[in-house]
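# Structure assessment
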Amino acid sequence: MSHPYYDVARHGILQVTGDDKYGRKLIIFSSCCMPPSHQLNHHRLLEYLKYTLDQYVESDYTVVYFHYGLRSSNKPSLRWLREAYREFDRKYKKNLKALYVVHPTNFIRIIWNIFKPLISHKFGKKLTYVNYLAELREHLNYDQLIIPPAVLRHDEELRAAQKGGPPPPVKIPPPRPPLPTQQFGDTFDNVRLPLSVLFSLPPPGLKTEGIFRRSARVQLIKDIQKLYNQGKPVSFEQYSDVHVPAVILKTFLRELPEPLLTFTLYDQIQDFTKVESSLRASRCKRIVESLPEHNFIVVKYLICFLHMVSQESISNKMSSSNLACVFGVNLVWPPKGTISLGALAPLNIFTELLIEHYHTIFSSRCLPQQVLP
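A few points on the structure. (Residues numbered from 1 in each chain as written. Predicted model: local features only at pLDDT ≥ 70, side-chain atom pairs only at ≥ 80, totals over all residues. Heavy atoms only, no water.)

## Quick word on the packing of helix α12 (residues 280–289) against helix α16 (residues 341–356)
The N-to-C vectors of α12 and α16 enclose an angle of 90 degrees; their axes lie 10 Å apart at closest approach. As summarised for this structure, α12 and α16 are arranged roughly perpendicular, according to the angle between their axes. Counting all contacts with α12, which are made through R280, C284, I287 and V288, the residues of α16 involved are I349, F350, L353 and L354. Residue composition of the contact of α12 with α16, by class: 7 nonpolar, no polar and 1 charged. (Axes fitted to C-alpha atoms, helices over the stretch in contact; angles between N-to-C directions. Helix = DSSP H or I, 4+ residues; strand = E, 2+ residues; numbered from the N terminus. Parallel < 35°, antiparallel > 145°, perpendicular 65-115°, else oblique. Contact = heavy atoms within 4.5 Å. Nonpolar A, V, L, I, M, F, W, Y, C, P; charged D, E, K, R; others polar.)

## Side note on the environment of V309
Tracing the backbone shows V309 in helix α13 (residues 293–310). For V309, a relative accessible area of 0% gives the class buried. (Buried < 20%, exposed > 50% of the residue type's maximum accessible area, 1.4 Å probe, protein only.)

## What about the packing of aromatic side chains?
Summed over all chains, the structure comprises 9 aromatic pairs. Judged by centre distance (5.3 Å) and plane angle (50 degrees), the ring pair of Y5 and Y51 falls under tilted. Here Y5 is found in the segment before α1 (6–9), whereas its partner Y51 is found in helix α2 (residues 42–53), with 46 residues between them in sequence. Seen from their ring centres, Y228 and F236 are 6.5 Å apart, and the 40 degrees between their planes marks the pair as tilted. Assigned by exposure class, Y228 and F236 land together as buried. One aromatic cluster is present, formed by Y5, Y48 and Y51 through successive ring pairs. Lying over the aromatic face of Y142, R137 brings its terminal NZ or CZ to 3.9 Å of the ring centre. Above the ring of F272, the side-chain terminus of R280 is found at 5.9 Å from the ring centroid. (Phe/Tyr/Trp six-rings, centres within 6.5 Å; stacked < 30°, edge-to-face > 60°. Lys NZ or Arg CZ within 6 Å of the ring centre and 35° of its normal.)

## So, the packing of α13 against α16
It is the contact of α13 with α16, at a shortest axis distance of 8 Å, that shows an interaxial angle of 80 degrees. The angle between α13 and α16 places the two elements in the roughly perpendicular class. Facing I303, L306, H307 and S310 of α13, the residues of α16 in contact are L354, I355 and E356. Within the contact of α13 with α16, the residues separate by chemical class into 4 nonpolar, 2 polar and 1 charged.

## Some words on unusual backbone geometry
A positive phi angle, close to 60 degrees, is found at H103, a residue other than glycine. Tracing the sequence through the fold places H103 in the loop between β4 (96–102) and α5 (106–115). For F212, which is not glycine, the phi torsion reads 75 degrees and is therefore positive. Mapped onto the secondary structure, F212 falls in the loop between α8 (192–199) and α9 (218–229).

## Focus: empty space enclosed by the protein
In this structure the tally under the stated criterion is 3 cavities of 30 Å³ or more. Counted as a void, the largest cavity has a volume near 990 Å³. Secondary-structure elements contributing two or more residues to the lining of the largest cavity are β2 (25–30), α2, β3 (61–66), α3 (78–87), α4 (90–94), β4 and α5. Across the lining of the largest cavity, the residue classes tally to 29 nonpolar, 1 polar and 2 charged. Taken as a whole, the second largest cavity holds about 130 Å³ of empty space. Lining the second largest cavity are 13 residues, with K25, Y56, S59, C325 and V326 positioned closest to its centre. (1 Å grid on protein atoms, 1.4 Å probe; cavity = no way out; pocket = protein on both sides within 12 Å on 5 of 7 lines; lining within 4 Å. Points joined across faces, edges and corners; volume = space filled by probe spheres on them.)

## Brief notes about the pattern of salt bridges
Applying the stated criterion across every chain yields a total of 6 salt bridges. Across the pair D7 and R44 runs a salt bridge whose closest N-O atoms are separated by 2.7 Å. Highlighted residues: D7 in helix α1 and R44 in helix α2, separated in sequence by 37 residues. The exposure class of D7 is partly exposed, given its relative accessible area of 32%. (Salt bridge = Lys/Arg side-chain N within 4 Å of Asp/Glu carboxyl O.)

## What about the sheet that holds strand β1 (residues 14–19)?
Taken in spatial order, the 5 strands make up an open sheet running β1-β2-β3-β4-β5, and their pairing is mixed. Only two strands of the sheet have a single partner each, and these edge strands are β1 and β5 (127–130). Pairwise comparison of adjacent strand axes, ignoring direction, gives a mean angle of 20 degrees for this sheet. Summarising the sheet, β3 and β4 pair through 6 bridges and their orientation is parallel. Note on β4: the bridge partner recorded for F66 is V102. Sheet strands in contact with helix α15 (residues 320–331) are β1 and β2, and its direction is about 75 degrees off that of β1. (Pairing = 2+ DSSP bridges.)

See the structure below:
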């Protein structure tokens, strides 16, 4: 109820659900959640969209638009669409790396043709039409998506109509057994990769504007992951791009079967904002001190490094708050389901406190094998 746009947010039209496969923030718009136009102030909807996007547009991000459910009763006017396009200026378009339109109809294609003269060729290349949900698996962490039940049912109906019978179950390839040298997507019992990646970030790189916010070439990231998984050496110096090891680190954290801060601590992190502000740092301290040893070593090293990055925020524009928005969803997530938009706030506040009060929170628990930047 305290949300400044509660009247719009309560419908669940917009969701932020972690990152895509390339480390970009994932934002979902679901048309079927829009109530009839007389029950929704579309001007407020536009303000709410900008309010939400403003928290993420300084980083690379991806938008998934579920078109199903847009009807004459809840459809915004063309005038509203023109106003929205003008309002979403270069600040919003620059770092939008992909726009997936799911279950497009002739209406979408007509609207696109109407606005085509106003849309740059560069922006047009970011658009991908997706006819079936299964196609999203090529680009996104499908299990992270918050897909409305109505959209799931519509997808089944489309597949049934395409086949002329009941829809076959979506085939998901069985997971490959991990390699002996596996680093990505394996259980967290090897701290070599995250520490080695952080060691590879040179001190001058800490001043790079937008460090940890920018993405890197998708194929390059896949190639480096393959080298790590095969146990082959990786030298980031040859890429001459500080964003490459930064993306590799986020990718490693995001692909862990269990998050670095563990499933066990998720509820404690969600609840800690109920604690009085003056006591939150000490609550954070107790939470991280309960981590298993391997996890604690990496968390302490990582947060120490992020604290160093935040000290260069005049140059890199990455304050502890900005870093928290990037890393929060990569450090912990719920054991089932996905992180809702409402769950992001306590997660980001917790991560921000870890970074800002690093010396206080990590001062007491020292381990013999720990190393720091």
